[in-house]
Amino acid sequence: MFNSIDRSLAFDSKMLALRGYRQQILASNIANADTPNYKARDIDFASALSAASGNLAMRRTDAGHLEVGGGSGIAGVKLMYRTSIQPSIDGNTVDADVEQAQYSENALQYMSTVQFMNGKLQSTMLALRGS
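The model shown is predicted, which means the values in this text are computed figures rather than measured ones.

Asker: Explain the overall build of the protein to me, please; I cannot follow it from the model alone.
Answerer: A count of helical and extended segments in the protein gives three helices and two strands. Of the regular secondary structure in the protein, the N- to C-terminal order runs α-β-α-β-α. Out of the 131 residues belonging to the protein, those deemed buried represent 23%. Once local pairs closer than 6 in sequence are excluded, the contacts in the protein between residues at least 24 apart make up 78%. On the protein, roughly 8,600 Å² of surface is accessible, and the fraction owed to carbon and sulfur atoms is 57%.

Asker: Help me understand the pattern of salt bridges, please; the structure alone is not making it clear to me.
Answerer: Two side chains bearing opposite charge may form a pair once their charged atoms approach each other closely. All chains considered together, the criterion is met by four salt bridges. With a shortest N-O distance of 2.8 Å, R22 and D42 are connected by a salt bridge. Note that R22 is positioned in helix α1 (residues 4-31) and D42 in strand β1 (residues 41-42), a separation of 20 residues in sequence. One salt bridge in this structure joins R82 and E99, with 2.7 Å as the shortest N-O distance. Of the two residues, R82 is situated in the loop between β2 (80-81) and α3 (96-129) and E99 in helix α3; the sequence distance between them amounts to 17 residues. The buried category is assigned to E99, whose relative accessible area is 0%. By sharing partners, the salt bridges in this structure join R22, D42, R82 and E99 into a single network.

Asker: Hey, could you run me through the packing of aromatic side chains in this one?
Answerer: Counted by the stated rule, this structure contains zero aromatic pairs. Across from the ring centre of F45, 3.6 Å away, lies the NZ or CZ of R19, which sits over that ring. It is R41 that lies over the ring of Y81; its NZ or CZ is 4.5 Å from the centre.

Asker: Honestly, the nonpolar core in this entry has me stumped. Any pointers?
Answerer: Across soluble globular proteins, nonpolar side chains show a tendency to be buried alongside one another. With nine residues, the main nonpolar core is built from M15, L18, Y21, I25, I43, F45, A48, L49 and V77. Mapped onto this core, the elements with two or more residues apiece are α1 and α2 (45-54). With four residues, the top contributor of residues to this core is α1.

Asker: Even after reading the chapter, I still don't get the side chain of D42, so can you show me in this structure?
Answerer: Classification of D42 by relative accessible area gives buried; the value is 9%. A polar atom in the side chain of D42 sits 2.8 Å from the side chain of R22.

Asker: Please explain a nonpolar patch on the surface as it appears in this structure.
Answerer: On the surface, I5, L121, M125 and L128 cluster together to form a nonpolar patch covering roughly 350 Å² of accessible area. With three residues, α3 is the largest single contributor of residues to the nonpolar patch. One can find L121 in helix α3.

Asker: I would appreciate a short explanation of the side chain of N106 in the present structure.
Answerer: Positionally, N106 belongs in helix α3. Residues contacting N106, with those up to four places away along its chain left out, are R19, R22, Q23 and L26.

Conventions used here
- Residues numbered from 1 in each chain as written.
- Predicted model: local features only at pLDDT ≥ 70, side-chain atom pairs only at ≥ 80, totals over all residues.
- Heavy atoms only, no water.
- Helix = DSSP H or I, 4+ residues; strand = E, 2+ residues; numbered from the N terminus.
- Buried < 20%, exposed > 50% of the residue type's maximum accessible area, 1.4 Å probe, protein only.
- Contact = heavy atoms within 4.5 Å.
- Areas by Shrake-Rupley, 256 points an atom, 1.4 Å probe, with all protein chains shown as cover.
- Salt bridge = Lys/Arg side-chain N within 4 Å of Asp/Glu carboxyl O.
- Phe/Tyr/Trp six-rings, centres within 6.5 Å; stacked < 30°, edge-to-face > 60°.
- Lys NZ or Arg CZ within 6 Å of the ring centre and 35° of its normal.
- Core = buried A, V, L, I, M, F, W, Y, C linked by side-chain atoms within 4.5 Å.
- Polar contact = N/O pair within 3.5 Å; in protein donor to acceptor, adjacent residues only side chain to side chain.
- Patch = residues over 30% accessible without salt bridge, like charges linked within 9 Å, V, L, I, M, F, W, Y side chains within 5 Å.

All quantities given are derived from atomic positions and should not be read as evidence of function.
Given below as structure tokens:
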């Protein structure tokens, strides 16, 4: 059973997990920028977060129940291939500039979420102390 603190942080926790997962995907794209036939991948963050937030209340209550989510990655999020603007001659679809921009933007959003959660936790701790 979730307590009120868990409920208040559940959405932010899902968002943080998805941001971390996306960061790994983008880093993999950057690392494979020179790998022949490598296809750049990404997730649709908005739809992945929407799907993940729909699963917040779901949990296994019995060993016979099926796992929530399923599929690859986190919370059943499906990886998609990024549409290439101009693929290279060796079949690689990684555009280093696009990947680095996406990586930087995702990193900033990750840190913003961490700071937001930190503020929530500080407010909760202040309320619990009664000061």
